[in-house]
Each structure stands twice: as structure tokens, then as C-alpha cells.
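# Residue-level structure breakdown
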Amino acid sequence: MPTAREYNFDGLVGPSHNYAGLSFGNVASFNNVKSASNPKQAALQGLAKMRELAKRGFAQALLPPQDRPNFRLLRSLGYSGTDAEVIAQAYNDSPVILACAYSASPMWTANAATVSPSADTRDGRVHFTAANLNNKLHRAFEHAQSARTLRAIFKDERFFAVHDALPGTPAFGDEGAANHTRLCDRHGNPAVELFVYGRVEFDSSAPAPKKFPARHTLEASQAVARLHGLDPARCVFVQQNPDVIDQGVFHNDVIAVGNGNVLFYHEQAFADEQGALASIRAAMQGVGAELVAIRVPTAEVSVADAVSSYLFNTQLLSKPDGRMALVTPHECQEIPAVAAFLQKLLASGGPVDELIHFDLRQSMRNGGGPACLRLRVALTEEEARAMHQGVVMTETLYHSLVAWVEKHYRDHLEPKDLADPQLAVEVHTALKELEQILGLPGLYDLQQTGVPV
């Protein structure tokens, strides 16, 4: 098998980063509703993480932000006139709808798509399926631009296949890679693809959460596996514990993370912990790999502390020496139980021997940690050369983007500022320039309304 590297495509935070509290079930997002955000700081924090990981030798790239506000959404709901008039009507009639159109959530690219590398697929290509995210209005329109962006970056159909989102119905609720991981001995080898779902649409007797919605269905995961041409013997479908969904664990990547042959998880992550581990181990035997399970007991870290710190919404990265680094937000050092567990983890002699901390407070306050910010794409050398190179993080790109952010982003944004039509102009202007920086002309359909603000 050819060797492969795992690229992390981080979401570049957009100029309208704001705290609208739109995501019921996401505790951090809901707790910071209507507070002031700092878009400039958010983008710079994300870029600093990308730059540092690239400097350390990890394969790092980015996915650009989406255009905001989403005028197609607003106009489809009956708002009309010039762009400025549409914004004013929406704000006066329903500020929540305007906030949905201005949603900052595309920055969390773990929800952009599910990715199956070429080592896993029947046709030997890398497959992407844009996630429909249909559980939330503010995210349900993202998939069109996500697919457009992925096709621009991975446009060579000899190597890549980008699928449109699944049907936008609750039966096929798909939250993307936040509920998916690969387990194998090396990134370039065939892997077990682990799909975690929250509920079963066509079995009313299956367990389900009672307080918060289960956004991802078994049926969606099965459909993605079929689209990608995966070997059924190397697919494992596991149900998330409904009780932890009701405690704010809205995606699996808030309670578990995997990399290589390691699964780092909380004991309450799955509806049937032992059954899940047995299924994963059995499937991994078929790819010649042995599961290393790192279990975090509730007695050491509560679910509440795991959610507050995003202990599991971390990046578990393979280093050249075969060991692993865990990329964490600063919050993991500020909650005593979590900090103590991480020190114990380092001292255990296990696969994780390094912690890398980043200040991501702007993202964390909106409900997303390091793992939310990145989409993982394992690529062979030939595939990496075939993708668009303008999104690969380099020192030159980093400095260009910092200058771009400093030029175009506000450092203070309150909910009432979304009513300012000038904000839409600022975003539009910034993204036109970003197309040139990244070498992706025509990435955005910025003439979607045909009516100037």
C-alpha cells in the first residue's frame, strides 16, 4: 500500500463570527447566547493553531469560510428588496432568522463532510459526502457551499469523488466527520471506519435521548458507507449513549476521539460500551491492527467536566516517531480533574506522550474545540499533489491571511450589529479578496442576489 499522511483542514473563521446561541443541545453555544464576539481574535487564534502545527511537521491546510449572510435563505423565507432591505426586514421581523443567516458554524469543518480515504474505498479514490446538517436551520444550508468548496480543492476526478448531501429529511440526519473516525495501524493502510449515530429512524423501539435532539441517524451512516463503496466487514456502526446526549454531548467528538489504532473515549460514550469495543476489535483484526483503547472513567472525569473542557474534542495526531500528541484547548488545564487526568495519561507510558495547548476561547465559547475546527483527510503523496495547493498552510500563506484578517475583520460584534447592512458589504469584500489569496477564483457565488446592498 502507498504511504499516506493525514491532512487536517481547519476552518478559517469568517468575518461575521458571532454568538447567536442557535444550537440547542450544545451547552457552550447556548450559554454564551447574545454576548459580544471578537471575529478578528477568533480568526487569529485559529490561524495560530494551523501555523504551529504546520511548523511541527503535521500536514495542515484550511477550508475557507462561507459567505454571510445567506441571502438565499432569507429570500426563500419571503424577505425581498435590496440586500439592505432584506436584512432590515429580517431583523425587525425575526432577529433569530437573521442570526441563522449569519451563522458562524461553517468554521467547524468536522461537520463539513464525511471522508473515506482511497485505501478504504472500492474504486480507490478519496470520497467525500457533504453533511446535510438538517437538524438545525442555521446549518441546513451549509452543504451546498461545502460541496462547492470540496470540489474546488479536490477537483481531479481521477483521485477524488465529492458527493452531494443526503436527502434533507430527519431520516438521514448527517452531521459529518464529527461522528466518524478511522482506526488502523497506518493512515495509508485499509482501516475500520467507525460510524457513531444518535438514533435509529426506522426503529421506534431503539433508545433515544429525551432532552436534546439526536442529530445523526444510523440510516445516514449506512448511506454514506454505501456511497463511498466501503467494505461492510470494515464498517462498525455504534450508538452514542442517549444519556450523554442529554448532558450536552451533541456529537461523538465531544466524548471520544480516535487516531491510528487508538480510541480515546469516556466510559459513558456509547450505549453499549463493551459491545462497541468488541465489534471494533473484531473488525480491526481484519486489517491487521490491534485496538488500543484509552478509557476515561466517570470517577476521574465527569461528563460535565468533559463537556466543559472539551477533553475529547481534541486532536490526536501521529508523530514521526510513532507516538502521538494530543492538541487541547487551554480549558483542559483549567479544570482540575481534567488536568490531573492528562498528567496521568502522559505518565502512563501509553501512545500519547505530548500535550500541545492552544488558546481557542472564541471558538470554545461558541461551542467548538480543536476537533470541531478540523476535517481529517488522509492522502497519498500523489493525491496530495493533485489537490489545490493554495489552501496548504505555509509561512507565506499564514502571513497573507493575518494581514487579510487585520484589514477586514471587526474586533467586536454584538447581535444587534447583524442588522448593519455594512457588515454584509465587509464580508463580501473580504471573501472576494480571499478567493485571490487562495487561488480559488469563483469559489463563492457572490452575485447570488444580483441586487447591491
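Coordinates for the structure precede this section.
Rules used throughout
Residues numbered from 1 in each chain as written. Predicted model: local features only at pLDDT ≥ 70, side-chain atom pairs only at ≥ 80, totals over all residues. Heavy atoms only, no water. Helix = DSSP H or I, 4+ residues; strand = E, 2+ residues; numbered from the N terminus. Rg over C-alpha atoms; globule rule 2.2 N^0.38 Å. Buried < 20%, exposed > 50% of the residue type's maximum accessible area, 1.4 Å probe, protein only. Contact = heavy atoms within 4.5 Å. Areas by Shrake-Rupley, 256 points an atom, 1.4 Å probe, with all protein chains shown as cover. Lys, Arg positive; Asp, Glu negative; His and termini not counted. Charge placed at Lys NZ, Arg CZ, Asp CG, Glu CD. Axes fitted to C-alpha atoms, helices over the stretch in contact; angles between N-to-C directions. Parallel < 35°, antiparallel > 145°, perpendicular 65-115°, else oblique. Nonpolar A, V, L, I, M, F, W, Y, C, P; charged D, E, K, R; others polar. 1 Å grid on protein atoms, 1.4 Å probe; cavity = no way out; pocket = protein on both sides within 12 Å on 5 of 7 lines; lining within 4 Å. Points joined across faces, edges and corners; volume = space filled by probe spheres on them. Expected span 1.5 Å × (residues − 1). Arc of directions from axis to C-beta. Phe/Tyr/Trp six-rings, centres within 6.5 Å; stacked < 30°, edge-to-face > 60°. Lys NZ or Arg CZ within 6 Å of the ring centre and 35° of its normal. Salt bridge = Lys/Arg side-chain N within 4 Å of Asp/Glu carboxyl O. Core = buried A, V, L, I, M, F, W, Y, C linked by side-chain atoms within 4.5 Å. Pairing = 2+ DSSP bridges.

## A short note on the overall build of the chain
What the chain contains, in helices and strands, is 16 helices and 15 strands. A compact globule built from 453 residues would reach a C-alpha radius of gyration of about 22 Å, and the chain, at 21 Å, matches this within 12%. Structurally, the chain occupies a C-alpha span of about 60 × 45 × 40 Å along its principal axes. Across the 453 residues of the chain, 61% fall into the buried class. In the chain, the share of contacts with a sequence separation of at least 24, taken over all contacts with a separation of at least 6, comes to 76%. For the chain, the accessible area works out to roughly 16,700 Å², and carbon and sulfur atoms hold 51% of it. Separation of charge centres in the chain, based on 40 positive and 49 negative side chains, amounts to 2 Å.

## Let's talk about the packing of helix α15 (residues 395-408) against helix α16 (residues 421-438)
For the pair α15 and α16, interaxial distance at closest approach is 11 Å and the crossing angle is 170°. Put simply, α15 runs roughly antiparallel to α16. Every residue of α16 that contacts α15 at L397, S400, L401, W404, K407 and H408 is listed here: T429, A430, L431, E433, L434, I437 and L438. Across the contact of α15 with α16, the residue classes tally to 8 nonpolar, 3 polar and 2 charged.

## Section: the layout of surface pockets
The computed volume of the largest pocket comes to approximately 670 Å³. Lining the largest pocket we find 31 residues, and of these A4, H187, S318, K319 and P320 sit closest to its centre. Within the residue set of the lining of the largest pocket, elements represented by two or more residues are β1 (4-11), β12 (315-318), β13 (324-329) and β14 (352-358). Sorting elements by how many residues they give to the lining of the largest pocket places β1 first, with 4 residues. Along the lines of polarity and charge, the residues of the lining of the largest pocket split into 13 nonpolar, 10 polar and 8 charged.

## Here we look at the packing of helix α2 (residues 39-55) against α15
Two measures define how a pair of helices packs: the angle their axes make with one another and the distance between the axes. Where α2 meets α15, the axes come as close as 10 Å, and the angle between the chain directions of the two elements is 175°. The pairing of α2 with α15 is recorded here as roughly antiparallel in orientation. Along the contact surface, α2 presents K40, A43, L44, L47, A48, R51 and K55, while α15 presents E395, Y398, H399, L401, V402, V405 and E406. Grouping the constituent residues of the contact of α2 with α15 by class yields 8 nonpolar, 1 polar and 5 charged.

## With respect to helix α12 (residues 336-347)
Here α12 contains 12 residues, and its C-alpha end-to-end distance of 17 Å stays within 8% of the 16 Å for a straight helix at 1.5 Å per residue. Residues V338, A339, F341, L342 and L345 constitute the buried set of α12. The arc that holds every buried residue of α12, seen down its axis, measures 160°, which confines them to one face. Among the exposed residues of α12, those oriented more than 90 degrees off its buried face are P336 and A347. Along its buried surface, α12 packs onto β10 (262-266), β11 (292-296), α10 (303-309), β13, α11 (331-334) and β14.

## Some words on the environment of M364
On the secondary structure map, M364 appears in helix α13 (residues 361-365). Each C-alpha atom, one on M364 and one on G173, is 24 Å from the other, the two residues being 191 residues apart in sequence.

## Quick look at the packing of aromatic side chains
Under the counting rule described, the total for this entry stands at 10 aromatic pairs. Where F154 meets F160, the ring centres are 5.1 Å apart and the plane angle is 70°; that geometry is what we call edge-to-face. What makes F154 buried here is its relative accessible area of 3%. Grouped by ring-pair contacts, the aromatic residues Y7, F9, F128, F154, F159 and F160 constitute a single cluster. Over the aromatic face of Y7 sits the side chain of R5, whose NZ or CZ is 5.9 Å from the ring centroid.

## Considering the pattern of salt bridges
Where side chains of opposite charge bring their charged atoms close, a pairing between them can arise. Counted under the stated rule, the structure contains 31 salt bridges. Here K432 makes a salt bridge to E435, at a shortest N to O gap of 3.8 Å. Note that K432 and E435 are positioned in helix α16 at a spacing of 3 residues, about one turn of the helix. Accessibility expressed as a relative area gives 38% for K432, which makes it partly exposed.

## Notes on the nonpolar core
The biggest cluster of nonpolar side chains holds 105 residues, and the ones touching the most others in it are F9 and F154. It is α16 that provides the largest number of residues to this core, a total of 7 residues. The residues touching F154, leaving out its near neighbours within four places in the chain, are F9, F128, F160, V162, V377, L379 and M387. Core analysis: the second largest hydrophobic core is formed by 20 residues, V301, L311, C332 and L342 among them.

## Observations regarding empty space enclosed by the protein
Enumeration according to the criterion identifies 7 cavities of 30 Å³ or more in this entry. One number sums up the size of the largest cavity: a volume of about 270 Å³. Contributing to the lining of the largest cavity are 22 residues, with A177, H180, T181, R182 and R376 lying nearest its centre. For the lining of the largest cavity, the secondary-structure elements that each account for two or more residues are β6 (180-183), β9 (256-259) and β15 (374-380). The element best represented in the lining of the largest cavity is β15, accounting for 5 residues. Each residue belonging to the lining of the largest cavity can be placed in one class, and the counts come to 12 nonpolar, 5 polar and 5 charged.

## Some remarks on the sheet that holds β9
Sheet architecture is open: 3 strands sit in the order β9-β10-β11, paired in mixed fashion. Each edge of the sheet is formed by a strand with only one pairing partner; in this case those strands are β9 and β11. In this sheet, neighbouring strand axes are inclined to one another by 10° on average, regardless of whether the strands run parallel or antiparallel. Where β9 and β10 come together, 4 bridges link them in antiparallel fashion. Of the residues in β10, the one forming a bridge with N259 is V262.

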